[in-house]
Amino acid sequence: MVADGSGDYTPRQIQFVDTQASSTTWTVTHNLNQKFVNVTIYDNSDNVIIPQSIVATSTSVTTVTFNTALAGTAVVMGAYGLAAV
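A.B. asks: Please clarify how unusual backbone geometry should be interpreted in this entry.
C.D. replies: Glycine aside, a negative phi is what most residues show, and trans is what most peptide bonds show. Phi at Asn 33 is positive, roughly 60 degrees, even though this residue is not glycine. Among the structural elements, Asn 33 can be located in the loop between strand 3 (15–29) and strand 4 (38–43). The class for Asn 33 is partly exposed, based on a relative accessible area of 37%. Unlike most non-glycine residues, Asp 46 shows phi in positive territory, near 65 degrees. Counting through the fold element by element, Asp 46 comes out in the loop between strand 4 and strand 5 (48–49). Using a relative accessible area of 64% as the deciding quantity, one classes Asp 46 as exposed.

Structure, rendered in structure tokens:
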């Protein structure tokens, strides 16, 4: 939930979680309407993995590249109020 100070509380999606099959490139379609998001990658053993690159492809897609094929989960976080940034 996000509070805007008015007393009204409106839920806003600022997080997206995507499970990926084993690949050297993950295309993560998060649809958060923000180009510059925070991305954390976890392998299937719940370890944080540092990828070779993370590219802010568009306001709805982030591309993650690895040196070797990896399966796991991408957690994408946006910031409420930064639409289309």
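A.B. asks: I keep staring at the nonpolar core and nothing clicks. Help me out?
C.D. replies: Within soluble globular proteins, side chains that are nonpolar tend to cluster in buried spots. Membership of the largest hydrophobic core is limited to 11 residues, which are Trp 26, Val 28, Leu 32, Val 37, Val 39, Ile 41, Val 64, Phe 66, Leu 70, Ala 74 and Val 76. For this core, the elements supplying multiple residues, two or more each, are strand 3, strand 4 and strand 7 (61–77). A per-element tally of this core places strand 7 first, with five residues. Not counting residues up to four positions away in its chain, the partners in contact with Ile 41 are Trp 26, Asn 47, Val 48, Ile 49, Pro 51, Val 64, Phe 66, Leu 70, Thr 73 and Ala 74.

Rules used throughout
- Each chain has its residues counted from 1, running along the sequence as written.
- Per-residue local features are limited, in this predicted model, to residues with pLDDT of at least 70; the limit for side-chain atom pairs, both in listing and counting, is 80 or more; totals at the level of whole chains, interfaces and linings are taken over all residues.
- Note: side-chain values were computed over all heavy atoms of the structure, leaving out hydrogens and water.
- Helix numbers and strand numbers start at the N terminus; a helix is a DSSP run of H or I with at least 4 residues, a strand a run of E with at least 2.
- Exposed residues in this analysis have more than 50% of their type's maximum accessible area, buried residues have under 20%, and partly exposed residues fall in between, with area computed by a 1.4 Å probe over protein chains only.
- Joining through side-chain atoms within 4.5 Å is the link that ties buried Ala, Val, Leu, Ile, Met, Phe, Trp, Tyr and Cys residues into a set, and such a set is a nonpolar core.
- Contact criterion: two residues are considered in contact whenever any of their non-hydrogen atoms come within 4.5 Å of each other.

That's the geometry; what it means functionally is another story.
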